[in-house]
Amino acid sequence: MESQNPRTPENLAETPPSNPTSPSPTNIVHKVKSNLVFHSKWAELNGAMGDLGTYIPIVLALTLAKDLNLGTTLIFTGVYNILTGAIYGVPMPVQPMKAIAAVAIYNGSEFNIPEIMAAGICTGAILLVLGVTGLMQLVYKLIPLSVVRGIQLSQGLSFAMTAVKYIRTVQDFSKSKSKRNRHWLGLDGLILAIVCACFIIAVIGAGEERNEREANVDEERNMRRKRIKKIMTIIPSAFIIFLLGVVLAFIRRPKMVNDIKFGPSMKVVQITSHAWKEGFIKGTIPQLPLSVLNSVIAVCKLSSDLFPGREFSAASLSVSVGLMNLVGCWFGAMPCCHGAGGLAGQYKFGGRSGGCVAILGAAKMILGLVLGTSLVTILRQFPVGLLGVLLLFAGIELAMTCRDMNSKEESFVMLICTAVSLVGSSAALGFVCGILVHVLLKPRDWSRDQSCSTVWMRGTP
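Presented here is a report on the structure given in the accompanying data block. (Residues numbered from 1 in each chain as written. Predicted model: local features only at pLDDT ≥ 70, side-chain atom pairs only at ≥ 80, totals over all residues. Heavy atoms only, no water.)

1. What to know about the side chain of Glu-115
So, step 1. Mapped onto the elements of the fold, Glu-115 is located in helix α7 (residues 113-132).
So, step 2. In this structure, Glu-115 is buried with no salt-bridge partner, the nearest side chain bearing the opposite charge being Lys-66 at 7.8 Å.
So, step 3. Beyond its immediate stretch of four places on either side in the chain, Glu-115 contacts Glu-110, His-274, Ala-275, Glu-278 and Gly-279. (Helix = DSSP H or I, 4+ residues; strand = E, 2+ residues; numbered from the N terminus. Buried < 20%, exposed > 50% of the residue type's maximum accessible area, 1.4 Å probe, protein only. Lys, Arg positive; Asp, Glu negative; His and termini not counted. Salt bridge = Lys/Arg side-chain N within 4 Å of Asp/Glu carboxyl O. Contact = heavy atoms within 4.5 Å.)

2. Here we look at the packing of helix α4 (residues 52-66) against helix α6 (residues 98-106)
So, step 1. With their axes 10 Å apart at the nearest point, α4 and α6 run at an angle of 30 degrees to one another. Accordingly, the angle class assigned to the pair α4 and α6 is roughly parallel. Crossing of α4 over α6 shows left-handed handedness. Each of Thr-54, Ile-58, Ala-61, Leu-62 and Lys-66 in α4 lies in contact with α6, whose residues at this interface are Lys-98, Ala-101, Ala-104 and Ile-105.
So, step 2. Tallied by class, residues from the contact of α4 with α6 come to 6 nonpolar, 1 polar and 2 charged. (Axes fitted to C-alpha atoms, helices over the stretch in contact; angles between N-to-C directions. Parallel < 35°, antiparallel > 145°, perpendicular 65-115°, else oblique. Left-handed = near helix turned anticlockwise from the far one by under 90°. Nonpolar A, V, L, I, M, F, W, Y, C, P; charged D, E, K, R; others polar.)

3. Some remarks on the pattern of salt bridges
So, step 1. Following the criterion strictly, the structure yields 6 salt bridges and no others.
So, step 2. The salt bridge partner of Glu-110 is Lys-282, with a shortest N-O separation of 3.4 Å. With a gap of 172 residues between them, Glu-110 in the loop between α6 and α7 and Lys-282 in helix α13 (residues 273-306) connect regions that are remote in the sequence.
So, step 3. When its relative accessible area of 26% is taken as the criterion, Lys-282 is described as partly exposed.
So, step 4. A salt bridge links Arg-182 to Asp-188; its shortest N-O distance comes to 2.8 Å.
So, step 5. Residue classification places Asp-188 among the buried positions, given a relative accessible area of 13%.

Encoded structure:
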């Protein structure tokens, strides 16, 4: 039956336009639903696994070395995942703060849970102030793209090199050290990791090309390629590998079922004045540059690259990271941030919406509430080589975003920034060197532009 009032161009013009940005409850609910909608059920599920290569090793290391409350960390990071997915509508990752984790592992008994939480709270407070005052947005606008790409490339290559180390050698996460070379055969052998890597390459290939050129491809061949690609995208490669790792973990130590205890344990962390001092000096100071550059600036740029038309302000991400740590760290949850590597990894494996991280967040919350800290007994047996495979492709995807450096000068600045960041093991040092080189090259551009304009004026009659 036809409508009594058909939607013609005439009556559409008479209808007053609705304001989609008005903060009414209806619009908010509609936005949350659209942000969490699945573009593809299996692809989003597969994408949710793309961040685990970074998340699991760091959280496991701190749980073993510092008795981090794994259940609390899973519950809070699960809530963060769901909220960021609903707010941003893209697979915005929630990752542990790497600099604070590294300081905690390397400093032994001098840097324990109170110091870790103090460092996270101080870092979160500073990022919140930078976001609320708008200073973070100003920093984002002033930093050259070539320097941002240098930070992304160094982080991507660092992930890839760490992944190869996970695959090649046996790891002691409690001491953050590599032991002997990994055996070829076994439930965590080299052959298993190589087969899984080949499986991912066969299913995903080099990844989705955002500017595909199909002008010179005939129609029949193009349709056949699309059908094959559609079949391949249905296969959740990362999810299959993760499930394989869980099964192998139980096969490696079947008796660990007896060690599992149900229910979380949560309490407020008591932070002394000494812990505040140590946490700020040893944890916040090295973490803050990394959070500003990789968790805010690089994520803003990468999100605009991967999701055109869905740009997020640096101030918003800075406030998001700040609030996460000002809440969770008081209860013993690992200090967290966003990360360009996690976003690239989830995109690589098919994550396209906020529903991707919402699935991951729901899984974390369930595991944290049901199994709590006893989940560490399972993660301890999880094949590290498989985590290395997932981390490898996340790192490569992040590094590949740096292909848009068109001029030699931009590439020069990017590579200087990357080299210093990798060799000096400091994104802040690479950032300073990149900015310095960019500033030194500016007068050459001005002189070149001036000479060109002079030649043009002389040639004008």
